[in-house]
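Listed below are the residues making up each chain.
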Amino acid sequence: EKLSPHLNKMLSVRRAFFTRASKISLIKSSATFPFETLVGVQAEVAHLFSPLSSVRDDRVEPRNIHTVGSCSPSPSFRSFSSSAVKEKEVELDDSLSAEELQEMKTEADELLLDTFAPTKLVNAEQGKQKNTEAVVRDLRGATVGSAQLMGEIWDIPIRKDIVHSVVVWQLAKRRKGNNKAKSRGEIQATGRKPHPQKGTGRARQGDRKGPHFRGGGRAHPPRPREFGFKLNKKVIRLGLKCALSARKAEGSLLLLDSLQMEEAKTKTANLTLRLLLGHDYPNTLFVDKDPLDQDFLVFKSATNNLFRVSCLPHDALNVYSILKARKLVMTVAALESMQARLSTPIKR
């Protein structure tokens, strides 16, 4: 009987924790909350887990946790909506020098030219075939320059039917089709008649090579064949342009100056890609110009055991590989060669 009030307090704390846990899952799925807010919420949840801090008195007194925004703990559980977060106001100082103002302007211009900023919705201006400038970075993520993206390649209307046709054509062409079985005419067996034609009561048979006999040939066996079919070169090129335009429109295109690495180590390559693409980077396709270039060979050898990384030369770039990878990383040399190749007329 003496422990019943304490047990009731423990049950109320557990109910409060499950109420908060459902709201914390919403916070973690949103990108609008700062990191300090999540740290404060996690600290409050840890307090609710602690039985000593909640049952030591007749009432539950949460600890005073300093957080950013309006997510501070209180006895009444408030909602963790984005409208409840108060962001800090940034005041511009009038005493900034000309160099600092120029640096801020440069950073703003880089954000406008950044093609590696994921967007939820495709811009309404997509498909107008406008030439754009894109930021060029190195493997460390630092900005080293810019490059021009041709509108007729990177900004065309995305045709899903064309992309689907090209993918089906590509997957059909790579099927081997070398399945082979023997028919009754290719079976090596005696041609002797098994039994007389009449007088035995059995069905008449000419030999033992038929498909209804054990060891006989197959009826209508599979033969080596080609599964590929013809698709116009214009359609193939249009599908490649649509795939490139889709990656650029959704902010999944990254341009690098080169793929130069000091050594072909998988550990070093993994750390470099985590700094460049994020800790949990998705499937990424790296494209370079020359397949026999030393930098490309070293990078390919270093990332050969990374299952989320693929490497291709620019002339082997295809629609299926682009769609299979979530991110497309291309060097400036590969970009120039690919744009020159896709802008030349098709030979008839």
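For the structure, check the block above.
Predicted model, so just to flag it, every value in this text is computed and none were measured.

Okay, the nonpolar core next. If you look at the biggest cluster of nonpolar residues, it comprises 32 residues, and the most contacted ones within it are Trp154, Leu244, Leu255, Leu317 and Met330. A total of five residues in this core trace back to one element, the largest contributor, which is helix H6 (residues 160-173). With residues up to four places along the chain from it excluded, the contact list for Leu244 reads Ile153, Trp154, Leu317, Ile322, Leu328, Met338 and Leu342. One finds Tyr281, Phe296, Ala302 and Leu306 within the second-largest nonpolar core, a separate group that totals 20 residues.

In this section: the packing of aromatic side chains. Evaluation of the coordinates by the stated rule reveals one aromatic pair. Across the ring face of Phe227, the terminal group of Arg175 is positioned such that the distance to the ring centre comes to 3.6 Å. Between Arg308 and the ring centre of Tyr281, over which it is positioned, the NZ or CZ distance is 4.4 Å.

A word on the pairing of strand S2 (residues 143-149). Examined bridge by bridge, strand S1 (residues 132-137) and S2 share six bridges and lie antiparallel to one another. Across the sheet, the residue bridging to Val135 is Ser146, located in S2. Taking the residues between adjacent antiparallel strands as the criterion, S1 and S2 are bridged by five residues, where Gly141 takes a positive phi near 95°.

This part covers the side chain of Lys248. For Lys248, the position within the fold is in helix H7 (residues 233-249). Asp155 provides the closest opposite charge to the buried, unpaired Lys248, separated from it by 5.3 Å. Leave out the neighbours within four places in its chain, and Lys248 touches Thr132, Leu149, Trp154 and Leu253.

One pass over the structure, following the stated rule, counts six salt bridges. A salt bridge links Asp207 to Arg184; its shortest N-O distance comes to 3.1 Å. Linking Asp207 in the loop between H6 and H7 with Arg184 in the loop between H6 and H7, this pair joins segments that are 23 residues apart in sequence. Here Glu186 ties to Arg223 by a salt bridge, and the two come within 3.3 Å at their closest N and O atoms. In this pair, Glu186 is assigned in the loop between H6 and H7 and Arg223 in the loop between H6 and H7, connecting sequence segments 37 residues apart.

Rules of the game
Residues numbered from 1 in each chain as written. Predicted model: local features only at pLDDT ≥ 70, side-chain atom pairs only at ≥ 80, totals over all residues. Heavy atoms only, no water. Core = buried A, V, L, I, M, F, W, Y, C linked by side-chain atoms within 4.5 Å. Buried < 20%, exposed > 50% of the residue type's maximum accessible area, 1.4 Å probe, protein only. Helix = DSSP H or I, 4+ residues; strand = E, 2+ residues; numbered from the N terminus. Contact = heavy atoms within 4.5 Å. Phe/Tyr/Trp six-rings, centres within 6.5 Å; stacked < 30°, edge-to-face > 60°. Lys NZ or Arg CZ within 6 Å of the ring centre and 35° of its normal. Pairing = 2+ DSSP bridges. Lys, Arg positive; Asp, Glu negative; His and termini not counted. Salt bridge = Lys/Arg side-chain N within 4 Å of Asp/Glu carboxyl O.

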